[in-house]
Structures are given as structure tokens and as C-alpha cells.
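Coordinate inspection notes
Residue strings, one per chain:
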Amino acid sequence: MAGLATAGALTAVSAEKAAAQAASDSVLRTALDRGKLIVGTGSTNAPWHFENDAGELVGMDITMGRILAKGLFDDPTKVEFVMQDPAQRIPNVTTNKVDITIQFMTMTAQRSQLIHFSRPYYVEGVALLTLPGSENKTFDKLLAGGSATRVSILQNVDAESSVHYALPQAQVMQIDTQANVLQALESKRVDAAAVDLSTVRWLASRNPDKYFDAGKSWYSMLYGAALRQGDLDWLTYVNQTFTIAMFGHETALYDAAFKEYFGQEPPPRHPGFPVI
């Protein structure tokens, strides 16, 4: 009960007092004084950031922004989303146009020289999308097909090696756009489409009569939010808030979004030894 009592006492601390503890130039203090959070993101990439049928901006990235706003103001709606091109993800942070970028951004050592990354909030990968009525819809069947297996993938320098990592003998069809990668599968010109794991889970969960998750993923890539360098107070706040939302006592927003956008329940968290 001591822990619960302490937690209750801490909730009585006002936002103004909390802001006063942050460095004068910290985004933490700026956002609290402003009364809202400003998040750079996109609007055209489901399940990360897109408009639903009602015209509302939704997605996993959007939920992560609302999680930060709820922590700051106890109100997940106190956030302004600034639409930006992927090329603006870093410049808009470094020039203070946005407080943070949350836009399915892969963490790399090169980017980390320019901005701080938050702790990862999703582990992306390459996965295989197939047709539910196909005889070769599972990974085991695709692998057993050897050189007869055909896979479409977005054209890039690593496309061939990426597919062959999982299916060493497969025929690889490199295609110019993601939409055409999927169209090749739908028209049965290929047996599988190699796309992002999040895309596979989104499409297969939303359209089970049209798409199937073959059950194989590889090449882990970490997605993190981008923050301005040198602001330890803001970085610490973001990291701790994400950790609480994913592993602590306030997981409702994260869990609902994970199920909504990826069609899966997050793994259970067990009290005791911390696994974060």
C-alpha cells in the first residue's frame, strides 16, 4: 500500500510545479506552459497514421502522441498533429517546428547523430502476405516450393537478398510501388508479397477473406520517436511515459491500439522481475 500511497501523492503535484523543475529551454516546460503537445507525423500510411472513415486522424503513431499528451495534461486530446513529409521528420524537430516526430521512423546510428530517439515503441520487420485460399499460403509451403515460389517486393538494392534470407530459392519480382506489389499477389502472379510486418498484420486482420499472414517475419527494425538533441528532461519524460504505457500500470491506450491496428493482443505483463 505504501507504493499506492506514494503514487497518489505524486498525482497531486501540479503541472506548473513539474514544469518549474525542467530546464528553462526544455520542450517539457514549453509544452506544459503552452497547454498542448505538438507532434509531427503523417496521414497516409495505415496502420501508423491515416484518416478513418470519419475523417479522424488515427493510427499507432497517433496513439503514441496521445499517450504523451495524457501524461502531460491528463487529457489525450491536448495534442496538435502537424502533417509533414518523411523528409521533414528530422528538420522539423531540430528547428523546433514540432516538439517530437512520431512517424514510423526507423532508428539508425546515422540518424542518432542528428536527433535523440525515444525508446522503441514497435519492432518492425519483413513478413510474407499470401492469399487465404492459396494452397501455398503458409511459410512452410512457400519454403517447400523452392524455385517455383514467386515473391513480389518493392524494388530496392536489397530486395533480392531480403527475400532470399527467408526463401533462398524463390523467384523475386521487384516492383515499383507497394500498391503494385500487392496487386501482383491479388492477381496471383506471385505466391506471396514481402512487405512490412505491420502491413501484413493490418491487412490480414482487417481483410481475412482477402489476405493471410504466412507466419514468418525477419530483419528486426526499431521504430522510435525523434526528439531534439541536448534536452535530457524531455527525452527522459518521453522514455518513461512510453515505458509506463507499454509495460506499467497505464497500458489501456497502447493495448487498444495494438489490437486495433495489428490484430493482436500485446503479450501479458507479469508482476515481479521487470522485462522492459
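My aim in this report is to walk through the structure given alongside it, one point at a time. Just so we're clear, the structure is a prediction, and the values are computed from it rather than from any experiment. Residue positions are given per chain, counting from 1 as you read along its sequence in written order. Where totals are concerned, whole chains, interfaces and linings use all residues; where local detail is concerned, this predicted model gives features only for residues with pLDDT of at least 70, and gives and counts side-chain atom pairs only at 80 or more. Side-chain figures throughout are based on the complete set of non-hydrogen atoms in the structure, without hydrogens or water.

Okay, the pattern of salt bridges next. When a carboxyl oxygen of Asp or Glu lies within 4 Å of a side-chain nitrogen of Lys or Arg, that pair is called a salt bridge. For the structure shown, the criterion picks out 9 salt bridges. The residue D74 makes a salt bridge to K70 at a minimum N-O spacing of 3.7 Å. Owing to a relative accessible area of 61%, D74 belongs among the exposed residues under this scheme. Burial status follows relative accessibility: with a 1.4 Å probe on protein chains alone, a residue under 20% of its type maximum counts as buried, one over 50% as exposed, and anything between as partly exposed. Residue K70 is classed as partly exposed on the basis of its relative accessible area of 33%. Here D231 and R228 are joined by a salt bridge, their closest N and O atoms 3.4 Å apart.

All right, on to the sheet that holds strand 12 (residues 212-223) then. Across the sheet, which stays open at both edges, the 5 strands sit in the order 10-9-11-8-12 with mixed pairing between neighbours. Of all the strands in the sheet, just strand 10 (171-175) and strand 12 have a single pairing partner and so form its edges. Pairwise comparison of adjacent strand axes, ignoring direction, gives a mean angle of 25° for this sheet. When strand 9 (residues 150-154) meets strand 11 (residues 192-196), the two strands line up parallel, connected through 3 bridges. Following the sheet pairing, V151 is matched in strand 11 by A192. Only heavy atoms matter for contacts: two residues are in contact if any of them lie within 4.5 Å across the pair. Note on geometry: axes are lines fitted to C-alpha atoms, helical ones only across the stretch in contact, with angles between N-to-C directions running from 0 to 180 degrees. We count a stretch as a helix when DSSP gives it H or I for four or more residues in a row; a strand needs E for two or more, and each element gets its number in order from the N terminus. In the packing of helix 7 (residues 159-166) onto the sheet, the strands contacted are strand 8 (122-130), strand 9, strand 10, strand 11 and strand 12, and the crossing angle to strand 12 comes to about 120°. The pairing criterion is simple: DSSP has to find at least two bridges between the two strands.

Bringing the sheet that holds strand 3 (residues 49-51) into the picture now. Pairing between the strands of a sheet comes from backbone hydrogen bonds, and it takes one of two forms, parallel or antiparallel. Spatial ordering of the open sheet is given by 2-3-4, a layout of 3 strands whose pairing is antiparallel. Pairing within the sheet leaves two strands with one partner each, and these edge strands are strand 2 (44-45) and strand 4 (57-58). Relative to strand 3, strand 2 is paired through 2 bridges, and the arrangement is antiparallel. Residue pairing for strand 3: T44 is matched across the bridge by F50.

For our purposes a nonpolar core is just a set of buried Ala, Val, Leu, Ile, Met, Phe, Trp, Tyr and Cys residues, chained together by side-chain atoms within 4.5 Å. Within the largest apolar cluster, 56 residues are counted, with the highest numbers of intra-cluster contacts made by L72, I100, I102, Y121, W234 and F242. In terms of residue count, helix 4 (residues 60-73) provides more of this core than any other element does, 8 residues in total. Ignoring any residue separated from it by four or fewer positions in sequence, one finds Y121 in contact with W48, D61, M64, I102, Q103, F104, Y223, G224, A225, F242, M246 and Y254.

When two rings of Phe, Tyr or Trp (its six-membered ring) have centres within 6.5 Å they constitute a pair, described as stacked for plane angles under 30 degrees, edge-to-face for angles over 60, and tilted for the intermediate range. If you walk through the whole model with that rule in mind, you get 16 aromatic pairs. Here a set of aromatic residues connected by ring pairs shows up, and it is made of W48, F104, Y121, Y122, Y223, F242, Y254, F258 and F262. K137 extends its terminal NZ or CZ atom over the ring of F212, reaching a point 4.7 Å from the ring centre. Lysine NZ or arginine CZ positioned within 6 Å of the ring centre and within 35 degrees of the ring normal marks a charge as sitting over the ring. Residue placement shows K216 over the ring face of F139; its charged tip is 5.2 Å from the ring centre.

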